[in-house]
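Descriptive structure summary
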Amino acid sequence: PVTGEMHFFGYGFAAPYLTYHRANATGELVQSEVIEVPGPTMMHDFAITERHVIFMDLPVVFDAGRAMQGTMPYAWSDEYGARLGIMPRGGSSAQVRWLEIEPCYVFQPLNAHADGDVVVLDVARYPEIWRESPADFGRACLHRFRVDLASGAIREEQLHDLPIEFPRVDPRREGRAHRYGYALHLDFLTSQQASALLRYDLSTGEVERHEFGPGRAVGEGVFAPASADAPEGEGWVLSFVYDEARDGSALVVLDAASFDAPPVATVPLPQRVPFGFHGSWIPDPA
């Protein structure tokens, strides 16, 4: 949010398994860096701080046998191991510091930031997934890794026990210290759909819930600040909500500071919006 850079990566089932890229604010590709990992890991996402790039090398890997059978080609591996890799922004593969963690899987990080020599990473963490089949999902809970780069020590902590997915922060706080987070209250063990959004206050530990009611399925909540210089948490959370009764969707706007209150706006849409994963709020440049 400060430099306007875009950080992204590609992963594949053949070497090089992982390649990191960085583009500047004008869209020019300024770095492409092969990152050495031991095998074809499925790295769904990663995180940045103002000074670091954080890779999650976790034990879901490509299985050629499954691919040849025409099934889901990625599966849990007890042999692969689990690591966090922390690289200086603009650094090289040789500068990545790999630190082992307990086996787990992460699709979505909430955010990361640096606190002196400590890198803090908040994620939706699964104990494991896809051990026997693509239907094998555990519950993801909000989890924090604290990595002390001076000593190499890692502390892991579950921040809350509610099952979640698709955590988001105020986009102005990406890579920097954050107080608030938003997530779907989603338990894949019982449903493929969510009917509620959560708001975390990571300073107080308070969690607020907005329940949309039976027969409604809610998508990822996207935070939109009230203004460019509004304090963190002052703004709105937007989401598409499907209403089964009318077989239609609406854009629903919640006040982030009064999260469990009725929506401040509900905009019925002319047709159902198919279920998707991610959304973005793009301010009007005018």
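Here, the structure is the one placed above.
Residues numbered from 1 in each chain as written. Predicted model: local features only at pLDDT ≥ 70, side-chain atom pairs only at ≥ 80, totals over all residues. Heavy atoms only, no water.

1. Quick look at the state of the cysteines
Considering all chains together, one arrives at zero disulfides under this definition. Of all cysteine sulfurs in the structure, the one in C141 sits closest to C104, which takes part in no disulfide; the separation is 12 Å. Under the relative-accessibility criterion, C104 is labelled buried at 0%. (Disulfide = S-S within 2.5 Å. Buried < 20%, exposed > 50% of the residue type's maximum accessible area, 1.4 Å probe, protein only.)

2. A closer look at the sheet that holds strand β12 (residues 141–148)
Strand pairing in a sheet relies on backbone hydrogen bonds. The paired strands run either parallel or antiparallel. Across the sheet, which stays open at both edges, the four strands sit in the order β10-β11-β12-β13 with antiparallel pairing between neighbours. Two strands bound the open sheet, and with one partner strand each, they are β10 (105–115) and β13 (154–158). With strand direction ignored, the average angle separating the axes of adjacent strands in the sheet is 20°. Bridge count between β12 and β13: five bridges; the pairing is antiparallel. Opposite R146, over in β13, you have R155 as the bridge partner. (Pairing = 2+ DSSP bridges. Helix = DSSP H or I, 4+ residues; strand = E, 2+ residues; numbered from the N terminus. Axes fitted to C-alpha atoms, helices over the stretch in contact; angles between N-to-C directions.)

3. Side note on the nonpolar core
In terms of nonpolar packing, the biggest core is built from 53 residues, with L58, V60, Y105, L121, L197 and V237 touching the most fellow members. When near neighbours in sequence (up to four residues on either side) are disregarded, Y105 contacts M42, M43, H44, L58, V60, W76, A124, R125, Y126 and I129. Membership of the second largest hydrophobic core comes to 13 residues, among which are F9, V37, M87 and V96. (Core = buried A, V, L, I, M, F, W, Y, C linked by side-chain atoms within 4.5 Å. Contact = heavy atoms within 4.5 Å.)

4. Digging into the layout of surface pockets
The computed volume of the largest pocket comes to approximately 1,400 Å³. Around the largest pocket, the lining is made up of 41 residues, and of these P1, I48, R168, P171 and E174 lie nearest the centre. Secondary structure elements with two or more residues in the lining of the largest pocket: β1 (6–11), β4 (47–48), β10, β14 (164–168) and β19 (222–225). Considering each element in turn, the lining of the largest pocket owes the most residues, five residues, to β10. Residues belonging to the lining of the largest pocket are distributed by class as follows: 21 nonpolar, 12 polar and eight charged. (1 Å grid on protein atoms, 1.4 Å probe; cavity = no way out; pocket = protein on both sides within 12 Å on 5 of 7 lines; lining within 4 Å. Points joined across faces, edges and corners; volume = space filled by probe spheres on them. Nonpolar A, V, L, I, M, F, W, Y, C, P; charged D, E, K, R; others polar.)

5. Considering the sheet that holds strand β16 (residues 196–201)
Taking strand neighbours across the sheet as the criterion, the four strands line up as β14-β15-β16-β17 in an open arrangement whose pairing is antiparallel. Edge strands, defined here as strands with exactly one partner in the open sheet, are β14 and β17 (207–211). Averaged over all pairs of adjacent strands, the angle between strand axes in this sheet comes to 25°, irrespective of strand direction. Of the pairings in the sheet, the one linking strand β15 (residues 180–185) to β16 comprises five bridges and is antiparallel in character. Note that in β16 the partner of L184 across the bridge is L197.

6. Section: the pairing of strand β5 (residues 52–57)
Within β5, six of the six residues are buried, leaving the element largely enclosed by the surrounding structure. Neither face of β5 is exposed, since H52, I54 and M56 on one face and V53, F55 and D57 on the opposite face are all buried. Two elements, β4 and β5, share two bridges in a ladder whose sense is antiparallel. Residue pairing across strands places A47 opposite I54, the latter belonging to β5. Connecting β4 to the next strand, β5, in antiparallel fashion are three residues.

7. Focus: the packing of aromatic side chains
Taken as a whole and assessed by the stated rule, the structure comprises 16 aromatic pairs. Measuring from centroid to centroid gives 5.8 Å for F107 and Y126, while their planes differ by 85°, and the two rings are edge-to-face. One end of the pair, F107, is in strand β10; the other, Y126, is in strand β11 (residues 118–126), with 19 residues separating them in the sequence. With a centroid separation of 6.2 Å and an interplanar angle of 45°, the aromatic rings of Y182 and F259 are classed as tilted. Taken together, the positions of Y182 in strand β15 and F259 in the loop between β21 (248–255) and β22 (265–268) put the pair 77 residues apart, joining distant regions of the chain. Accessibility expressed as a relative area gives 0% for F259, which makes it buried. Members of the aromatic cluster, connected to one another through ring pairs, are F9, Y11, F13, Y20, F46, F55, F62 and Y74. It is R83 that lies over the ring of W98; its NZ or CZ is 3.8 Å from the centre. (Phe/Tyr/Trp six-rings, centres within 6.5 Å; stacked < 30°, edge-to-face > 60°. Lys NZ or Arg CZ within 6 Å of the ring centre and 35° of its normal.)

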